[in-house]
Amino acid sequence: MSVSFSTIRPGLRLADQVASALEAEIRSGALGAGQKLPTEQALVQQFGVSRTVVREAVQQLKSRGLVDSRQGSGVYVLAAGCEPLSFEPTAAASREAVLQIIELRRALEAEVAELAAQRRTPAQARAIREALQAIADAVAGGGDGAVEDVRFHRAIGEAAGNPFLIRTLDYLAQFLQGVTRVTRANEARHREFAEQVKQEHEAVVRAIEAGDAPAARHAAAQHMNNAMLRLQHADASFWRQDGTRLAAVLVPPTMPA
């Protein structure tokens, strides 16, 4: 799978930003276990930084147990080192797991959106708008847009400028992609749901672009509230079919099916 990165912005330590961006791709699954990282030279060019910065960033990933070097071959992704959430593997518990993670997201996303509205640079605002368009492009191409959806919310996190919030979002990415697949699968069954999501995303982006922090917080929280309502109103057949299957990623693999 080919992964591309944007050049990074001044402010936070460059190595921290590179490490954070790479970790986000690993947590989201865009860079899977066993996959080789782009070469050092490729990362230098894509991020627009020095070799020293790239090497320090890779060393950070090694210290977190996310990558490992193979002599004469390159740097490879290891399995993400985070423990999965523990939910009983039943349809009801899978549904409950999704709703509980959305509750967590509601608190985080509202804060992140408010900070992004206060701190975003013009380049970051453009990146958020482009990430939003990427969701539409993915859906138009027949995909579910889940990966693009997670990246859209992370672009907002980058604009918030708080490395601790970014690391928290990176940690949660292993769960957010699964949850997003559940919510988008449910929304795809109802044309009005899909349209609501587009409008909610647009409201968040417009508030951030306008620098309206209270409106951004409200729009992000409302988006999460509505995501919960849409799932709560999902018909039973959804959870018997797509919902439970997609939510299976939230269940530890050691538990019986």
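Residues numbered from 1 in each chain as written. Predicted model: local features only at pLDDT ≥ 70, side-chain atom pairs only at ≥ 80, totals over all residues. Heavy atoms only, no water.

*Asks:* Lay out the packing of helix H1 (residues 14-28) against helix H3 (residues 51-63) with the relevant residues and their values.
*Replies:* When two helices pack together, their arrangement is given by the angle between their axes and by how far apart the axes lie. For the pair H1 and H3, the least separation of the axes is 8 Å and the interaxial angle reads 50°. Viewed along their axes, H1 and H3 adopt a mutual orientation that is oblique. Of the two possible hands of crossing, H1 and H3 adopt the one that is right-handed. Between H1 and H3, the residues in contact are Leu-14, Ala-15, Asp-16, Val-18, Ala-19, Leu-22, Glu-23 and Ile-26 and Val-53, Glu-56, Ala-57, Gln-60 and Leu-61, respectively. (Axes fitted to C-alpha atoms, helices over the stretch in contact; angles between N-to-C directions. Helix = DSSP H or I, 4+ residues; strand = E, 2+ residues; numbered from the N terminus. Parallel < 35°, antiparallel > 145°, perpendicular 65-115°, else oblique. Left-handed = near helix turned anticlockwise from the far one by under 90°. Contact = heavy atoms within 4.5 Å.)

*Asks:* Kindly report on the confidence of the model for the protein chain, identifying the contributing residues and their values.
*Replies:* Of all residues in the protein chain, 73% have pLDDT values of 70 or greater, and the mean over the chain is 78. The element-level mean pLDDT for the protein chain is lowest in helix H10 (residues 236-247), coming to 54, with helix H5 (residues 122-140) highest at 93. Across residues 81-93 the pLDDT falls below 50, and counting only partners more than four positions away or on other chains, this stretch makes 28 contacts in the model. Residue range residues 243-257 is modelled with pLDDT below 50. Its contacts to residues more than four positions away, or to other chains, number 31 contacts. (pLDDT = per-residue confidence, 0-100.)

*Asks:* Which residues make up empty space enclosed by the protein, and what values go with them?
*Replies:* Take a probe with the size of a water molecule and roll it over the atoms, and the empty space left behind shows itself. Going through the model one piece at a time under the given rule, you end up with 2 cavities of 30 Å³ or more. Roughly 60 Å³ of internal volume is contained in the second largest cavity. Lining the second largest cavity, in full, are Glu-109, Ala-113, Phe-152, His-153, Ile-156, His-201, Val-204, Ala-220 and His-223. Mapped onto the lining of the second largest cavity, the elements with two or more residues apiece are helix H4 (91-119), helix H6 (146-160), helix H8 (191-210) and helix H9 (213-232). Top element by residues in the lining of the second largest cavity is H6. It accounts for 3 residues. Split by residue class, the lining of the second largest cavity holds 5 nonpolar, 3 polar and 1 charged. (1 Å grid on protein atoms, 1.4 Å probe; cavity = no way out; pocket = protein on both sides within 12 Å on 5 of 7 lines; lining within 4 Å. Points joined across faces, edges and corners; volume = space filled by probe spheres on them. Nonpolar A, V, L, I, M, F, W, Y, C, P; charged D, E, K, R; others polar.)

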